[in-house]
Amino acid sequence: MSVLAIIDHGQGQIKKSTGELLAYSAALANALGTEVSALILGTVEDNLSDLGKYGVSSIFQDINAGFNTADNQALTAAIAQFVTEKNIDTIVFPDGTLSNSVAPRLSAKLKAGFVSNAIGLPKLENGFSVKKAVYSGKAFAWYKINTAVKVISISSNSFEVKTSDATANVEAVSLNLEASKVTIQSVDIVKGEIPLSEASIVVSGGRGLKGPENWKIVEDLAHSLHAGLACSRPVSDSGWRPHHEHVGQTGKQIAPNLYIAAGISGAIQHLGGVNRSKVIVVINNDPEAPFFKAADYGIVGDVFEILPRLTAAVNNLN
Ligand SMILES: Cc1cc2nc3c(=O)[nH]c(=O)nc-3n(C[C@H](O)[C@H](O)[C@H](O)COP(=O)(O)OP(=O)(O)OC[C@H]3O[C@@H](n4cnc5c(N)ncnc54)[C@H](O)[C@@H]3O)c2cc1C
């Protein structure tokens, strides 16, 4: 019996979700009274031994760079091979693309039960029950996994990360890399922008900004805070902002440490994409705006006055 964490990466960097993934996996192994290790397929610029600070002392890496551009079926096959050879029975995925595209394939291949978006450690008294958020975060549900091999993915910002001075032992492995049916040929990243999925802070604007010509005050605050930019759906539908900034039920689902919503009413469809943020700050001139109910901090005021004042205050700190 042992727990394996699957490390996600892209563009040569391990993903922000890795710390939480490893801390969760280490705590899960501790609760199960078993061992924990991590697997990374492909090459990254990061020093992997530093990841030991999150509580996982053994990291396996296949440095075949072919994995960096392999498709999800090839990644699934390699992970399944590793899991079978090492006799692993609990596999943990981070929030993100691997959890959407590889975890379900792996569970099918291993005939394992899969629960996505776990928000906390499983209950183990009577089997293996995983708590997850449902109905866009409005409710919780418990799902029991009944198979011997279990696959779970964890929701961002659902587990407290503590670090130590420990380092990890990184061991090379060599797995089969089957021919990909689809290969990534190139990725064009919007230059100068912080990808929403990787941003610790996100500044977001809604229809309260009145028009695209006013976005500079949102951008200024985002630049001062080194934050990603987001918007509500009507804003991108109206062509004020590009679609990749749209967050919510039908847009990107994000979980930054800080989400600042300016001139956004807080409709349930918007909240569904942002309510896993650690801290939510809402700026709205209507004290009855529904978003205030979901906010940790609220400012009742005019975005055209508040945003420049916040930017000036942040710039004074820098
Ligand atoms: C099936 C479906 C899916 C949807 N998916 C999404 C989704 O993924 N994401 C999403 O965002 N929406 C989604 N929507 C739309 C959602 O229901 C809301 O209509 C939308 O979120 C509202 O956007 P908004 O808050 O920017 O605009 P509004 O609702 O118009 O709110 C503007 C807010 O700005 C405030 N305001 C105005 N002027 C100022 C000022 N000067 N200073 C401060 N505050 C000011 C107002 O008080 C108001 O609260 C979806 C809807 C449906 C039906």
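These numbers come from a predicted model, not from an experiment.

The rules we used
- Residues numbered from 1 in each chain as written.
- Predicted model: local features only at pLDDT ≥ 70, side-chain atom pairs only at ≥ 80, totals over all residues.
- Heavy atoms only, no water.
- Helix = DSSP H or I, 4+ residues; strand = E, 2+ residues; numbered from the N terminus.
- Rg over C-alpha atoms; globule rule 2.2 N^0.38 Å.
- Contact = heavy atoms within 4.5 Å.
- Expected span 1.5 Å × (residues − 1).
- Buried < 20%, exposed > 50% of the residue type's maximum accessible area, 1.4 Å probe, protein only.
- UniProt positions renumbered as here; feature names shortened; annotations may be inferred.
- Polar contact = N/O pair within 3.5 Å; in protein donor to acceptor, adjacent residues only side chain to side chain.
- Axes fitted to C-alpha atoms, helices over the stretch in contact; angles between N-to-C directions.
- Parallel < 35°, antiparallel > 145°, perpendicular 65-115°, else oblique.
- Left-handed = near helix turned anticlockwise from the far one by under 90°.
- Nonpolar A, V, L, I, M, F, W, Y, C, P; charged D, E, K, R; others polar.
- Salt bridge = Lys/Arg side-chain N within 4 Å of Asp/Glu carboxyl O.
- Domains from an automatic or database assignment.
- Buried area = accessible area lost by both parts, 1.4 Å probe.
- Pairing = 2+ DSSP bridges.

Chemist: Just give me the short version of the overall build of the protein chain, but keep the residues and values in it.
Modeler: Counting secondary structure elements, the protein chain contains nine helices and 16 strands. Expected size for 318 residues packed as a compact globule is a radius of gyration near 20 Å; at 21 Å, the protein chain falls within 12% of this value. C-alpha extents for the protein chain along the principal axes are approximately 60 × 45 × 40 Å. Counting contacts in the protein chain only where the partners sit at least 6 residues apart, residues at least 24 apart contribute 64% of the total.

Chemist: Any details on helix H1 (residues 18–32)? Residues and values, ideally.
Modeler: Helical geometry: 3.6 residues make up each α-helical turn, so side chains three or four residues apart lie on a common side. Taking 1.5 Å as the rise per residue, H1 with 15 residues should run 21 Å; its terminal C-alpha atoms sit 21 Å apart, in good agreement. Extensive coverage of H1 is indicated by the burial of 11 of its 15 residues. By the burial criterion, the buried members of H1 are Thr18, Gly19, Glu20, Leu21, Leu22, Ala23, Tyr24, Ser25, Ala26, Leu28 and Ala29. On the buried face of H1, the contacting elements are strand S1 (2–6), strand S3 (13–14), strand S4 (35–41), strand S6 (90–93), strand S7 (113–118) and strand S10 (150–154). Residue glycine 33 follows H1 closely and has a positive phi angle near 70°.

Chemist: Please give an account of the UniProt feature "binding site: FAD" (unreviewed entry) in the protein chain that cites residues and values.
Modeler: Look at the UniProt record and you will see "binding site: FAD" (unreviewed entry) annotated at Arg207, Ser232, Arg233, Gly263, Ile264, Ser265, Gly266, Ala267, Ile268, Gln269, His270 and Asn284. Here serine 265 lies in the loop between strand S14 (258–262) and helix H7 (268–274). Summarising the element assignment, asparagine 284 is placed in strand S15 (residues 279–284). Classification of asparagine 284 by relative accessible area gives buried; the value is 9%. Apart from residues no more than four positions distant in its own chain, asparagine 284 is found in contact with Ile264, Ser265, Ala289, Phe292, Ile299, Val300 and Gly301. Within the structure, asparagine 284 has its side chain in polar contact with the backbone oxygen of isoleucine 264 (distance 3.2 Å).

Chemist: Lay out the packing of helix H2 (residues 72–86) against helix H4 (residues 103–110) in plain terms, naming residues and giving numbers.
Modeler: Packing of H2 against H4 brings their axes to within 9 Å, and their N-to-C directions diverge by 50°. Considering their axes alone, H2 and H4 lie oblique with respect to each other. The crossing of H2 and H4 is right-handed. Of the residues in H4, those touching H2 at Asn72, Gln73, Thr76, Ala77, Ile79, Ala80, Val83 and Thr84 are Arg105, Leu106, Lys109 and Leu110. Within the contact of H2 with H4, the residues separate by chemical class into six nonpolar, four polar and two charged.

Chemist: Talk me through the pattern of salt bridges; I want residue IDs and the actual numbers.
Modeler: Throughout the structure, instances matching the rule amount to eight salt bridges. For arginine 241, the salt bridge identified is with glutamate 219, shortest N-O distance 3.2 Å. Taken together, the positions of arginine 241 in the loop between helix H6 (233–237) and S14 and glutamate 219 in helix H5 (residues 216–225) put the pair 22 residues apart, joining distant regions of the chain. Judged by its relative accessible area of 13%, arginine 241 is buried. Assessed through its relative accessible area of 24%, glutamate 219 is described here as partly exposed.

Chemist: Outline the domain arrangement of the protein chain, supporting the account with residue identities and numerical values.
Modeler: Taken domain by domain, the protein chain holds domain 1 (3–172) and domain 2 (201–317). Between the C-alpha centres of domain 1 and domain 2 there is a distance of 31 Å. Listed as interface residues are eight residues of domain 1 and, on the opposing side, 10 residues of domain 2. Approximately 660 Å² of surface area, both sides summed, lies buried where domain 1 meets domain 2, with 42% of it carried by carbon and sulfur atoms. Its largest share of buried area at the contact with domain 2, domain 1 owes to Ser136, Lys138 and Asn157, together 65% of the area lost on that side. Along the contact surface separating domain 1 from domain 2 lie one salt bridge. Between domain 1 and domain 2 we count five residue pairs in polar contact (both at pLDDT 80 or more) in total. Across the side of domain 1 that touches domain 2, the residue classes tally to no nonpolar, five polar and three charged.

Chemist: How would you sum up the sheet that holds strand S12 (residues 201–205)? Please name residues and give values.
Modeler: Across the sheet, which stays open at both edges, the five strands sit in the order S13-S12-S14-S15-S16 with parallel pairing between neighbours. Since the sheet does not close on itself, it has two edges, and those belong to strand S13 (228–231) and strand S16 (297–300), each with one partner. Across the sheet, the mean angle separating the axes of adjacent strands is 15° when strand polarity is ignored. Across four bridges, the pairing between S12 and S13 is parallel. Bridge pairing in S13 links serine 204 to alanine 230.

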